[in-house]
Amino acid sequence: MAVLPARVLFGAAYYHEYQPVHGPEYRRGEQLKTDLDLMAEARFTVIRVGESVWSTWEPENGTFDLDWLEPVLDGAHERGIDVVLGTPTYAVPPWLARQYPEITGERRTGERIGWGARQEVDFTHPAFRFHAERVIRKIVARYAGHPAVIGFQVDNEPGNELLHNRGVFERFVDHIRAKYGDIETLNREWGLVYWSHRLSTWADLWTPDGNVQPQYDVAWREFQARQVTEFIGWQADIVREYANPDQFVTTCISYTRPAVEDDELTDRLDIASGNPYYDMQDGLALPDRTPDAYAQRWKTTGVWALYQTADWMFSSKQAPFLVTETNASSIGEPWHNRPAYDGQWRQAAWALVGRGARMIEYWHWHTLHFGAETYWGGVLPHSGRPGRTYAELARLGAELDAAGPLVAGLEPDADITMVYSTPSKWLMQKYPPIATGDGGPDETAYHRIFDPFYRGAFDAGRQVRIVHGRQLHDPSGERGGLTPEEAVSRHPVLMVPALYIAADSTLDWFAAYAHAGGHLVLGPRTAYADHEARARNELAPGRLVDAAGVSYDEFSNLTQEIPVRAVPGGPLQLPDGATALHWADGLTVTDAEPLVTYDHPHFGRWPAVTTRRHGAGQVTYVGTVPGRDLARELATWLTPTARSLWGNLPASVTATTGTAEDGRRVHIVHNWSWEPARVTAPADLTDVLNDSPVPAGTELELGAWDVRVFSAD
C-alpha cells in the first residue's frame, strides 16, 4: 500500500533539462546545485520531474538516454527532497509522429490535429501504445529503486481531446453493440425513430461529427472518458510492476478537460491529483466583485471558486489529494500577467491544505526562456535570481515545516453536501438549458446552475463536501455506495441541483434518504431525464414528486434577474434585493409549504422555493437558480449553525476547519483583503505556527492578505 510522508509535501515541477546552456552566467553543473540549494533553503520537500521530455529520454526510435536525470535525483536526495517521477507520454517526439503518422489524433473524422503542441496523438492506437509502453518500462525500471522517488505521475492532464479516429469510432460501435445487444434495442432506447434515424445494421451508426441526438452524445462522451480512464489505468499497471509497495501512482488532472470523469479516472490510482489554477491579485478579494456572468473555466476567479476546486479534487476519491500544479506567478497567455500580492501565495496554499491537500507543488521552478509557456511564471524569474515569489514561498515553506504532520491529510468539515454529475454536465455543454447574453447556447450551463448553490453556502460561511452520484448510489451495482441511513449520518443536508440525467433507482435512493432523516434539496433540471437523457413521460421532478410535494410541466428561462421575497411568517428570511436567475419551474404545490415567491406579474403565480416533511426528513425544492442573497440565506436556513463555530466574521474573513489524523481540530482563518481585520477565538486554541496558546474569547488580528492556523484538542 502506498505511503505518503507524514507532512504536507511542498515544492515545484523541476525541469533542469530546460535550463539555458548559453550566456555569461552559464556554468555546467553549477545551475543544478544552485537550484537544489535554493529549494532546500526554502524548505522544499518534493519536485516533479521527467513527464514532458520523451524526445530527451528517447531521442531516436529505440535509442534511449536514461542517465541525464540521475544527477537531479541524487542531488535532491542529498538534500532530503523527494521526487515524483513522470511518464512522458503526453508530449510525443517528432520522430514518432513522422514514422507513424497514423497515430495522429483527429478532432473530426478524417481531419488530423496538426503537430507542434502536445497531446496531438490517438493514445489508443497500437503503434503509440507499443512505443509508450517501451519508454515507460525503460524509465521506471531505471529509477523505481532510487531512494529519492516516492511516487509516479503517469501522463499529464489527460483527456484534452475527443478523438474521432476511425479505430476509436469502431470501438465505440463495438461498445454500443455489447451494451445494447441488438439494433432494435438501440433504436428504442435512443429514440432513433426521430428524424428517420432508425438503424437496420450496426454499420448504419453514423460518426459523431454531425450528430445532434442527445442520447448518442451522452454515450459518446462516456465512451471517450472510458478511453482516458483505461489509458491511465494501463500506465499505472505497468508502473506498479516496478514500483515499491510504498510508492504511489497518480496522474495530474485538469478537471475541466472534455474527456475526464474524475471519480472513475482515479479508481485505479492511489491518490487523486490536480492543478488548481486561479486568478491572483483582486481575483482573491473578498467581498467578491466578480460579475455573476463570469464563466469559470480552466482557471477560476474568486475565493469561493478556489475552494470549490479543492472540494472537487477531494471528491474524486473522497480523500485527501495532491496539488501537482498551481500558480507560482503569472499564469496563462503572455497577456495575462498578474502575479500575487504579498501574502496571497500563503493564503491559497493554506486554503488548499485546509480542504485536504497533502502536497502543494508549483508549476514550475524556473520561468522558461523559450516555448509556448515562456510567460507562465515560475518560482524563479527569467534571470534565475530569487525574488519576491521565492521569498514568499520560503516563508510558506517554513510554516508548513512548523505545522508538520498536524495538517497532512486533513478531513475537511462540511455543513452541506452537493451532488456532482459529470454526465449531466456533458449533456448541458451541447444542449444547454441556459443562453448566453447574446442568445447563444451557454456551454457552461451546468455550472451556471450548480455554482450559485455552492457559492451561497460559501458566502454563508458554510463548508461544502462535493460527492459524485455513484459514490452515494451506483445504479450499475459496480460500486457499493451508501445506504440512505449511512448517508443521513455522513451528509445530513444533500443539495442536488442540475442532476438532469438520473436513473430511476437513483431517484428512489434520494427519496429514501429524505425519508430516513436527511434534508434533500432539489434544484433546477434535477430528475427531468432518465439514465439515457430521455425526458421523463411524467410530471417533474419525476419519481420525486410525492416526496417533494410539488410538480411542474411548465418552465421558463429568465432573461433578467427577478426579485423574490420570503413568504410572510415563514422560516426563511430574505433581504431586499434578493433575486432569481436564469430559470423558473412553474411549481404546482400539492403538499408542500411555499417559502419564497417571485415578485413578478407572471411568475408570481408560482413559488420559487418550497419545503415538505418526508418521513423523518425533509425535501426542499428550489425551482430557480438563486441569486447571491437568496443562495446565502438558503444555506443559512438549511444549516443554522456552522460547524466551524466562527461566527460574525467580517466580510473579508473566512474560517476553514477540519480534523487531523490524530483527532485534533484544525482551524485556518483568512483575511482576503487589504484592510486588516479582527476576529474572536470561538474556543481554546493553539497557534500552530508559533505554538502559543489562544484562550477562547481572545481577539485575534489578521493583517492584509493574512492567514492564521490554529489547533484545538
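The shown structure was predicted, so the numbers you read here are calculated from the model rather than taken from an experiment. (Residues numbered from 1 in each chain as written. Predicted model: local features only at pLDDT ≥ 70, side-chain atom pairs only at ≥ 80, totals over all residues. Heavy atoms only, no water.)

Peer 1: Got a sec to walk through the packing of aromatic side chains? Specific residues and values, please.
Peer 2: Counted by the stated rule, this structure contains 46 aromatic pairs. Look at Trp206 and Tyr216: their rings are 5.4 Å apart centre to centre, the planes differ by 20°, and that puts the pair in the stacked class. Of the two residues, Trp206 sits in the loop between helix H7 (183-190) and helix H8 (214-240) while Tyr216 sits in helix H8, which places them 10 residues apart along the sequence. Using a relative accessible area of 1% as the deciding quantity, one classes Tyr216 as buried. Connected via pairs of aromatic rings, a cluster forms that spans Phe169, Phe172, Tyr180, Trp190, Trp206, Tyr216, Trp220 and Phe223. A cation over a ring is seen here: Arg525 above Tyr528, with NZ or CZ 4.2 Å from the ring centre. We note Arg525 situated over the ring of Phe555; from NZ or CZ to the ring centre the distance is 4.5 Å. (Phe/Tyr/Trp six-rings, centres within 6.5 Å; stacked < 30°, edge-to-face > 60°. Helix = DSSP H or I, 4+ residues; strand = E, 2+ residues; numbered from the N terminus. Buried < 20%, exposed > 50% of the residue type's maximum accessible area, 1.4 Å probe, protein only. Lys NZ or Arg CZ within 6 Å of the ring centre and 35° of its normal.)

Peer 1: Run through the sheet that holds strand S18 (residues 519-522), naming residues and quoting values.
Peer 2: On the basis of which strands lie adjacent, the open sheet formed by 10 strands has the order S16-S15-S17-S18-S25-S24-S23-S20-S21-S26 and mixed pairing. Two strands lie at the open edges of the sheet, namely strand S16 (464-468) and strand S26 (624-626), each paired on one side alone. Recorded for the sheet is a direction-independent mean angle of 30° between the axes of neighbouring strands. Note that strand S21 (residues 579-585) and S26 share three bridges and pair antiparallel. Following the sheet pairing, Ala580 is matched in S26 by Pro626. Running over the sheet, helix H19 (residues 628-638) touches strand S15 (416-420), strand S17 (493-496), S18, strand S20 (555-566), S21, strand S23 (593-598), strand S24 (607-614), strand S25 (617-622) and S26 and is turned about 85° from S26. (Pairing = 2+ DSSP bridges. Axes fitted to C-alpha atoms, helices over the stretch in contact; angles between N-to-C directions. Contact = heavy atoms within 4.5 Å.)

Peer 1: I'd like a description of the side chain of Asn275, backed by residues and values.
Peer 2: Along the chain, Asn275 falls in the loop between strand S9 (273-274) and strand S10 (277-278). At 2.5 Å, the side chain of Asn275 and the side chain of Glu157 are in polar contact. Once you skip the residues sitting within four places of it in the chain, Asn275 turns out to touch Glu157, Cys252, Ile253, Ser254, Tyr255, Met313 and Glu325. (Polar contact = N/O pair within 3.5 Å; in protein donor to acceptor, adjacent residues only side chain to side chain.)

Peer 1: Outline unusual backbone geometry, listing residues and values.
Peer 2: Omega for the peptide link from Leu286 to Pro287 comes to -5°, which places this bond in the cis form. By the secondary structure assignment, Pro287 is in the loop between S10 and strand S11 (299-300). The omega angle of the peptide bond from Ala540 to Pro541 is 5°, so this bond is cis rather than trans. Within the fold, Pro541 resides in the loop between S18 and helix H18 (545-548). One non-glycine residue, Gln318, adopts positive backbone phi at about 50°.

Peer 1: Got a sec to walk through the pairing of strand S28 (residues 665-671)? Specific residues and values, please.
Peer 2: Buried residues dominate S28, accounting for six of its seven residues. Note: strand S27 (residues 653-659) against S28, seven bridges, orientation antiparallel. Along S28, the bridge assignment pairs Gly658 with Val666. Looking at chain direction, S28 and strand S33 (residues 706-712) are connected through seven bridges and run antiparallel. If you follow His667 over to S33, its bridge partner there is Phe710.

Peer 1: Can you lay out the sheet that holds S27 for me, pointing to particular residues and giving the numbers?
Peer 2: Reading across from one edge, S14-S27-S28-S33-S30-S31 is the order of the six strands in this open sheet, with antiparallel pairing throughout. Every interior strand has two partners, whereas the edge strands, strand S14 (411-412) and strand S31 (693-694), have only one. Summarising the sheet, strand S30 (residues 685-687) and S31 pair through two bridges and their orientation is antiparallel. By the bridge assignment for S31, Thr686 is matched with Pro693.

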